[in-house]
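# Reading the structure
Okay, here's what each chain looks like letter by letter:
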Amino acid sequence: MGELTLTSQAFDDGDRIPDEYGYTKTNVNPPLEIDGVPADAESLALIVDDPDARKPTGKVWDHWVVWNIPAETTTIPEDWNAAAATVGTNDFGERDYGGPNPPDREHTYRFRLFALDTTIRLGPKADANTLESAIDGHVLKRAEFEGTYPA
């Protein structure tokens with residue numbers, strides 16, 4: 001079995017996320033490419049968060065929480081309409097992508113993808129912590145990449 005990968009045509013791992021994906025700009029998700037999903041995966045889950053937010057906010061800030069993405073998905077286009085999946089609640093209190101918006105300095109944002117052996121039964125008010133608890137024991141493979149965004 002190959003490695004699960006998550007990449008973006010908009011920026012490379014560790015590079016700066018283009019301005020237009022920021023919360024106060026166009027606030028649309030960057031395009032994402034998925035490869036190496038295991039054949040026995042039933043669904044995918046995606047969490048985009050900001051671990052650098054711990055100091056100013058006291059927690060990891062969740063920007064996008066999506067699950068039950070069809071396992072055959074290979075592309076998440078820019079400004080994705082996630083009708084085929086379930087979008088949870090981010091820390092902006094929205095059920096959508098919430099772009100980078102660091103309050104104090106440049107932050108690093110994580111894009112974490114999980115290939116799951118099941119579909120997840122959660123309502124749309126679920127947040128990233130609830131999702132992470134629900135997928136515990138169901139992760140076949142995971143992938144992560146990062147980008148930075150200035151204050």
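Please refer to the structure higher up on the page.
Report on the accompanying structure. This structure is a prediction, so every number in the text was calculated from the model and none was measured.

Definitions and limits used
Residues numbered from 1 in each chain as written. Predicted model: local features only at pLDDT ≥ 70, side-chain atom pairs only at ≥ 80, totals over all residues. Heavy atoms only, no water. Buried < 20%, exposed > 50% of the residue type's maximum accessible area, 1.4 Å probe, protein only. Helix = DSSP H or I, 4+ residues; strand = E, 2+ residues; numbered from the N terminus. Pairing = 2+ DSSP bridges. Arc of directions from axis to C-beta. Contact = heavy atoms within 4.5 Å. Polar contact = N/O pair within 3.5 Å; in protein donor to acceptor, adjacent residues only side chain to side chain.

### Brief notes about the pairing of strand β4 (residues 61–70)
Counting buried positions over the ten residues of β4 gives eight, a clear majority of the element. The pairing of strand β3 (residues 43–50) with β4 spans seven bridges and is classified as antiparallel. Across the sheet, V48 pairs through a bridge with W64, a residue of β4. Relative to strand β6 (residues 86–87), β4 runs antiparallel, the two sharing two bridges. From the neighbouring strand, V66 faces β6, where its bridge partner is V87.

### Considerations on helix α2 (residues 128–135)
What α2 keeps buried is the set A128, L131 and I135. The arc enclosing the buried residues of α2, seen along the axis, measures out at 60°, which places them on a common side. Opposite its buried face, α2 presents the exposed residues N129 and S133, each directed more than 90 degrees away. In the core, the buried residues of α2 are packed alongside β3, β4, β7 (107–116) and β8 (139–149). The backbone nitrogen of N129 has a side-chain oxygen 3.3 Å away, supplied by the residue at the start of α2, namely D127. Following α2 by one or two positions, G137 adopts a phi angle in the positive range, close to 85°.

Nothing here speaks to function; it is all geometry.
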